[in-house]
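Now for the letters of each chain:
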Amino acid sequence: QISGCNDSALELCSVALADIIDGDAGELIVARHNGIMIYKDGTSNNTIFIPTETEPQAVSVSINNDKNMRKLIWASSKFENNKNTVTIHTIPVSSIM
């Protein structure tokens with residue numbers, strides 16, 4: 001079982017499924033309230049956690065035939081002074097695997 005973003009069972013998380021490491025199956029990538037969790041084999045036993053300064057609200061992986069060129073992409077937004085700012089963040093997959 002993979003837990004949600006927060007303690008609330010009603011909150012949905014952004015997820016992505018992508019083959020980012022060599023293997024037969026894709027990895028589950030979950031946006032959490034304090035970072036991004038990558039489940040390497042679909043369980044909580046083999047994970048990578050990437051802390052983020054802002055809450056990831058959407059997560060994806062760029063599509064590229066060369067796995068070394070793929071990027072983990074997430075979006076965050078911040079509402080201040082009656083203005084919503086959306087920021088797109090990227091990390092090369094090769095740097096986290």
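Residues numbered from 1 in each chain as written. Predicted model: local features only at pLDDT ≥ 70, side-chain atom pairs only at ≥ 80, totals over all residues. Heavy atoms only, no water.

*Asks:* Please clarify how unusual backbone geometry should be interpreted in this entry.
*Replies:* A positive phi angle, near 50°, is found at Asn81, a position not held by glycine. Relative to the assigned elements, Asn81 resides in the loop between strand E6 (71–80) and strand E7 (83–92). A residue is classified by how much of its surface remains accessible, and Asn81, at 76% relative accessible area, is exposed. Of note in the backbone geometry, Asn82 takes a positive phi value of approximately 60° without being a glycine. Tracing the sequence through the fold places Asn82 in the loop between E6 and E7. (Helix = DSSP H or I, 4+ residues; strand = E, 2+ residues; numbered from the N terminus. Buried < 20%, exposed > 50% of the residue type's maximum accessible area, 1.4 Å probe, protein only.)

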